[in-house]
Number of protein chains: 2
Amino acid sequence: MEPGSRGAAPGGVSVSAVLPAGGSGERLGGATPKQFCAVQGRPLVSYAVRAMERISWISDIIVVVSPENIETMKTIIEKYGHKRVTVVEGGITRHRSIFNGLKVFAENEFSSSLLQKPEVVIIHDAVRPFVEEDIISKVVMAAKEHGAAGAIRPLVSTVIASAADGCLDHSLERARYRASEMPQAFLFDIIYEAYQQCTDYDLDYGTECLHLALKYCKTNAKLVEGTADLWKVTYKRDLYAAESIIKDNLSQQVCVITNVKETLAQVGFLLLESLKSQIKVEAISVSLSKNNSCLQNVVSGQCYNFVCVNDKSCALQETQELVDMLERSNIPLLYPVVLISVHLDISNNSFSIGMEDLNMIKKFARETKKKNILVYGLLIQYKDPLLLQETVNSAAALIMALIKDRNPELIGQLLVA
Amino acid sequence: MEPGSRGAAPGGVSVSAVLPAGGSGERLGGATPKQFCAVQGRPLVSYAVRAMERISWISDIIVVVSPENIETMKTIIEKYGHKRVTVVEGGITRHRSIFNGLKVFAENEFSSSLLQKPEVVIIHDAVRPFVEEDIISKVVMAAKEHGAAGAIRPLVSTVIASAADGCLDHSLERARYRASEMPQAFLFDIIYEAYQQCTDYDLDYGTECLHLALKYCKTNAKLVEGTADLWKVTYKRDLYAAESIIKDNLSQQVCVITNVKETLAQVGFLLLESLKSQIKVEAISVSLSKNNSCLQNVVSGQCYNFVCVNDKSCALQETQELVDMLERSNIPLLYPVVLISVHLDISNNSFSIGMEDLNMIKKFARETKKKNILVYGLLIQYKDPLLLQETVNSAAALIMALIKDRNPELIGQLLVA
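If you're wondering where the values come from, they're calculated on a predicted model, not measured in any experiment.

Here we come to the overall build of chain A. When helices and strands are counted, chain A shows 13 helices and 18 strands. A principal-axis box enclosing the C-alpha atoms of chain A has dimensions of 85 × 55 × 40 Å. Every one of the 417 residues in chain A was classed for burial, and the buried ones make up 58%. When contacts within chain A are restricted to residue pairs at least 6 apart in sequence, long-range pairs at least 24 apart make up 78% of them. For chain A, the accessible area works out to roughly 16,900 Å², and carbon and sulfur atoms hold 48% of it.

Structural data, given as structure tokens:
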């Protein structure tokens, strides 16, 4: 999707989004506000922006940040190539920040260029990275019909009211209540009207946009059941969880590129079979230098893991060609790519690895890491044909471990199966 | 703490605990109920049991599980050496399970041996693994004074009530409400009375013990502000978070055992300094075979990471002695122990690693893994003194990565710094 091009939402409404990202992240216990904490090397806010950006029918994405973070946010947008994003200076509270975000569509003096007012505006937190198009669609459609809509989730804990003495006053019947989550969506005119009407007390102490729409515009928001992945990154444990979920998502598929002599074809075949029992495998048998179009297709897809199987003990040239192809593809822009260079060796002599080779791989991996590509070496060595299956299974287990872990400290190491 | 011995709680009350562990874990989306999901190889329920067991003034720990999991639970207790635990068959709902757990202290026919009735009973979820003695103490003391007490946390999301048409009815003012968490504690007579009085409807549809104490015994529970780590493992992301938190907790300290010739002392010193800038280091310079008492002290402590620095290219004998010592210590019983065998090499010749050595380390590591000890090899090789600091920093980074990851698939690999 090129900047400036406009898609159409289901229902034909025009839609834009406002992402408040001004929080200070006190509950996280760190110095960095949580929306700027890195997950797989990339700030959380970039995930939320990307979740909106990939939906073609969302026209403009307004990210509202506190004044001291405007430059940081602009750098993030440039580094990760985000499109259709406008950065706006936030207020001192959540509601004031959202209001500022909305003003970009309505008030000339607030922004250098007034953006086209959308029929429906989505409001979504910068710290909810996993929002899917499906729930955004549902909330937008409900907002068009009801004027306001928001995602909800069942309560995890019972909610209780405390009395002034710090004792239990009463507990709420869990089934009657829901947690109000994001995304929410509104007819622009309704939520903008609500913000214009609301008091300073609302702006300073309130947090719930649905409440404003109800109080000031008599709009009862439609509540839409959301999925578990809508949760808000709040505590350090949520950052851990986000990191693991992303690693999990990145470990769903591997592209195996085999470039070996016929005598070694059996090893390549067994390795593929072993991998296929654990992960979705796209297998390609090529000479990389031929610039195979099949490979080009995979590289332009959504695969973040590559295994190159070679029969030379140090086939860095082939690996370099793949690195170049990946770099041109933009794939490593958003997520680190894992590239495992597998070497087969069936020499009958007692094999040994020279330090020069090891240092060469390490140096190569350090250079490649700068391009967000994590290179690891894996040697499959066997003499006894009876042990071949075991060795191959061990190799597949190591490949899976490297893919799942994506550990940047282990790049350039040569593992042995 | 030996089985059967009884400590005294602050305030001198007698205290026991009931852990309901009968849930089906639907929200987790897996076949295994979440309390039996493994975190660092050990079921979650074992963490909650351990959290109670390590507090000497908790007399009995009652774990209530569904009938089909009784044998599983007994196996867990035996495998991890848990003491003072009684397994009780649960009912079909949470409240019925807790009631069953309480009956063990009050009704002869329910248990083969009637346990001594405690003055205060703690109720804690099997899926809240990180509860600390401090909050348990506070809740117990408050229960002694008020009859009932429970940990609370601020709400993360606004809570809303929905109308019959699926639209927003009203939102609650977030500051007035709290999430009711665990642990909770009660004077035994109060909560037992409440369970005896309450209706089938309560037993089948209720979830909140504080509510029962209020409704049937007019006891307004004291609410105690808890820490963020009290949260309940509910979704798959919570399992990821628990895994990361435990890895984090296990990565706070390393014991470095150095056994090298004087010529290599500088490398050992630099490595220690580099590690000290990243982690708490207990440094020991010994010949392991002397059964050094200093080392024995460390092994009997709470350190789960060991680095052995040797100047032989393959010093498995020394490593084996440490493995034996660790095995005798019971340390690997609850958590996997990381053991990194570091070999220094300053030969001027071009170094090479033989496949025989590699296979020997791998075989050794596979055996040791059965004892829950994860062995990795690390080679520090340098010829150029100018590059020594860089090499040592790289070695320290690899050590930290191995400790933080505790990856069981990478055992027996020889990494090169």
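Counted according to the given criterion, the structure contains 16 aromatic pairs over all chains. Ring geometry for Tyr201(B) and Tyr205(B): centres 4.8 Å apart, planes at 40°, overall tilted. Here Tyr201(B) and its partner Tyr205(B) are both found in helix H6 (residues 200–205), four residues apart, which amounts to about one turn of the helix. There is no split in this pair, since Tyr201(B) and Tyr205(B) are both exposed. Grouped by ring-pair contacts, the aromatic residues Phe99(A), Phe105(A), Phe188(A), Tyr192(A) and Tyr195(A) constitute a single cluster.

Attention now moves to the sheet that holds strand E17 (residues 373–381) of chain A. All names here are of chain A. Pairing in this open sheet of six strands is parallel, and the strands run E13-E12-E14-E15-E17-E18 from one edge to the other. Two strands close off the open sheet at either side, each with one partner strand: strand E13 (280–285) and strand E18 (414–416). When strand polarity is set aside, the average angle formed by the axes of neighbouring strands in this sheet is 20°. In the sheet, strand E15 (residues 337–345) pairs with E17 via nine bridges, with the strands oriented parallel. Across the sheet, the residue bridging to Leu344 is Ile380, located in E17.

Glancing now at the interface of chain B and chain A. Of the residues lining the interface, 72 residues belong to chain B; the matching set on chain A comes to 72 residues. Between chain B and chain A, a total of about 6,300 Å² is buried, with carbon and sulfur atoms accounting for 54% of that surface. A salt bridge links Lys236(A) to Asp248(B), with the shortest nitrogen-to-oxygen separation between them at 4.0 Å. Counting every contact that joins chain B to chain A gives 32 residue pairs in polar contact (both at pLDDT 80 or more). Of all the elements, helix H8 (residues 236–250) of chain B adds the most residues to the side of chain B that touches chain A, at seven residues. Grouping the constituent residues of the side of chain B that touches chain A by class yields 34 nonpolar, 19 polar and 19 charged.

Another aspect to go through is the nonpolar core. Formed by 230 residues in total, the largest nonpolar core has its most connected members in Phe306(A) and Phe306(B). By size, the runner-up hydrophobic cluster in this structure holds 35 residues, among which are Leu168(A), Phe105(B), Tyr216(B) and Leu223(B).

Bringing the packing of helix H9 (residues 265–276) of chain A against helix H13 (residues 388–405) of chain A into the picture now. Residue and element names in this part refer to chain A. Where H9 meets H13, the closest approach of the two axes is 9 Å, and the angle between their N-to-C directions is 55°. If you check the angle between H9 and H13, you find them oblique. Along this stretch, H9 crosses H13, giving a crossing that reads as right-handed. Across the interface between the two elements, Gln266, Val267, Leu270, Leu271, Ser274 and Leu275 from H9 touch Leu388, Gln389, Val392, Asn393, Ala395, Ala396, Ile399 and Met400 from H13.

Moving on, we get to the relation of the copies chain B and chain A. Expressed as a screw operation, the relation of chain B to chain A combines 0.0 Å of axial shift with a rotation of 180°, fitting to an RMSD of 0.0 Å. These values place the two chain copies in the arrangement generated by a two-fold rotation axis. Mapped onto chain A, 100% of the interface residues of chain B again fall at the interface, so both copies present the same surface.

All names here are of chain A. Interaxial distance between helix H3 (residues 94–103) and helix H5 (residues 188–197) falls to 10 Å at its minimum, and their mutual angle equals 130°. Comparing the axis directions of H3 and H5 gives the class oblique. Considering how the two elements wind past one another, H3 and H5 form a crossing that is left-handed. Contacts between H3 and H5 involve His95, Ile98, Phe99, Leu102 and Lys103 on the former and, on the latter, Phe188, Ile191, Tyr192, Tyr195 and Gln196.

What follows is about the sheet that holds strand E13 (residues 280–285) of chain B. Residue and element names in this part refer to chain B. Here six strands make up an open sheet; going across it, the order is E13-E12-E14-E15-E17-E18 and the pairing parallel. Strands with a single pairing partner mark the edges of an open sheet, and in this sheet they are E13 and strand E18 (414–416). Within this sheet the neighbouring strands show an average axis-to-axis angle of 20°, counted without direction. Relative to E13, strand E12 (residues 253–259) runs parallel, the two being bridged by six bridges. Counted as the bridge partner of Ile257 is Ile284 from E13.

Take the domain arrangement of chain A next. The extent of an interface is frequently quoted as the accessible surface area lost upon association of the parts. Residues and elements named next belong to chain A. What the domain assignment reports for chain A is domain 1 (15–235) and domain 2 (251–416). The C-alpha centroid of domain 2 is placed 42 Å from the C-alpha centroid of domain 1. Across the boundary between the two partners, domain 1 contributes seven residues, which contact five residues of domain 2. A combined buried area of about 550 Å² lies between domain 1 and domain 2, and 55% of that area is made up of carbon and sulfur atoms. For the domain 1 face of the interface with domain 2, the top three residues by lost area are Gln40, Arg42 and Tyr80, together amounting to 71%. Taken together, the connections running from domain 1 to domain 2 amount to zero salt bridges. Residues belonging to the side of domain 1 that touches domain 2 are distributed by class as follows: two nonpolar, two polar and three charged.

All names here are of chain B. Inspection of helix H2 (residues 70–79) places Ile70, Met73, Ile76 and Ile77 among the buried residues, and these make up the whole buried set. Axial view of H2: buried residues confined to an arc of 120°, hence all on one face. Seen from the open side of H2, the exposed residues pointing more than 90 degrees away from its buried face are Glu71, Glu78 and Lys79. Gly81 lies just past H2 and shows a positive phi near 65°.

On to the environment of Tyr235(B). Residues and elements named next belong to chain B. If you trace the backbone, Tyr235 turns up in the loop between strand E11 (222–225) and H8. The exposure class of Tyr235 is buried, given its relative accessible area of 7%. Taking C-alpha positions, Tyr235 is 54 Å from Thr263, a pair spaced 28 residues apart along the chain.

Another point: empty space enclosed by the protein. Enumeration over the complete set of coordinates arrives at four cavities of 30 Å³ or more. Broken down by class, the residue content of the lining of the largest cavity amounts to 17 nonpolar, six polar and 12 charged. Considered as a void within the structure, the second largest cavity measures approximately 80 Å³ in volume. Forming the boundary of the second largest cavity are Ile353(A), Leu358(A), Lys362(A), Gly412(A), Gln413(A), Leu414(A), Val416(A), Ile353(B), Leu358(B), Leu414(B) and Val416(B). Looking at the lining of the second largest cavity residue by residue, the class counts come to eight nonpolar, two polar and one charged.

With respect to the secondary-structure elements, Thr219(A) resides in the loop between helix H7 (209–217) and strand E11 (222–225). Leaving out residues up to four positions away in the same chain, Thr219(A) has contacts with His146(A), Gly147(A), Ala148(A), Ile190(A), Ala213(A) and Leu214(A).

Here we take up the pairing of strand E4 (residues 58–65) of chain B. All names here are of chain B. Taken across its eight residues, E4 has eight buried, putting it largely inside the fold. Bridge count between strand E1 (residues 15–20) and E4: five bridges; the pairing is parallel. Its bridge partner being in E4, Ala17 is matched across the sheet by Ile61. Note that E4 and strand E5 (residues 85–89) share five bridges and pair parallel. Residue Val65 lies in a different strand from E5, and its bridge partner there is Glu89. A crossover links E4 with its parallel partner E5, the connecting element being H2, and its sense is right-handed.

Averaged over all residues, the pLDDT of chain A is 89; the fraction at 70 or higher stands at 90%. Across residues 1–6 of chain A, confidence stays below pLDDT 50; counting only partners more than four residues off in sequence or on other chains, it has 14 contacts.

Okay, the pairing of strand E8 (residues 158–162) of chain A next. Side-chain positions along a regular strand alternate between the two faces of the sheet. Within E8(A), four of the five residues are buried, which leaves the element mostly enclosed by the surrounding structure. Looking at chain direction, E8(A) and strand E10 (residues 177–187) of chain B are connected through four bridges and run antiparallel. Its bridge partner lying in E10(B), Ala161(A) is registered against Tyr177(B). Sheet topology places E8(A) next to strand E9 (residues 168–171) of chain A; three bridges connect them, and they run antiparallel. Paired with Ala161(A) across the bridge in E9(A) is His170(A). Between E8(A) and E9(A), which pair antiparallel and follow one another directly, the connecting turn spans five residues, one of which, Gly166(A), has a positive phi of 80°.

Cut-offs and rules
Residues numbered from 1 in each chain as written. Chains lettered and ligands numbered in written order. Predicted model: local features only at pLDDT ≥ 70, side-chain atom pairs only at ≥ 80, totals over all residues. Heavy atoms only, no water. Helix = DSSP H or I, 4+ residues; strand = E, 2+ residues; numbered from the N terminus. Buried < 20%, exposed > 50% of the residue type's maximum accessible area, 1.4 Å probe, protein only. Contact = heavy atoms within 4.5 Å. Areas by Shrake-Rupley, 256 points an atom, 1.4 Å probe, with all protein chains shown as cover. Phe/Tyr/Trp six-rings, centres within 6.5 Å; stacked < 30°, edge-to-face > 60°. Pairing = 2+ DSSP bridges. Axes fitted to C-alpha atoms, helices over the stretch in contact; angles between N-to-C directions. Buried area = accessible area lost by both parts, 1.4 Å probe. Salt bridge = Lys/Arg side-chain N within 4 Å of Asp/Glu carboxyl O. Polar contact = N/O pair within 3.5 Å; in protein donor to acceptor, adjacent residues only side chain to side chain. Nonpolar A, V, L, I, M, F, W, Y, C, P; charged D, E, K, R; others polar. Core = buried A, V, L, I, M, F, W, Y, C linked by side-chain atoms within 4.5 Å. Parallel < 35°, antiparallel > 145°, perpendicular 65-115°, else oblique. Left-handed = near helix turned anticlockwise from the far one by under 90°. Least-squares fit on C-alpha atoms with pLDDT ≥ 70 in both. Domains from an automatic or database assignment. Arc of directions from axis to C-beta. 1 Å grid on protein atoms, 1.4 Å probe; cavity = no way out; pocket = protein on both sides within 12 Å on 5 of 7 lines; lining within 4 Å. Points joined across faces, edges and corners; volume = space filled by probe spheres on them. Right-handed = clockwise from strand over helix to strand, strands pointing away. pLDDT = per-residue confidence, 0-100.

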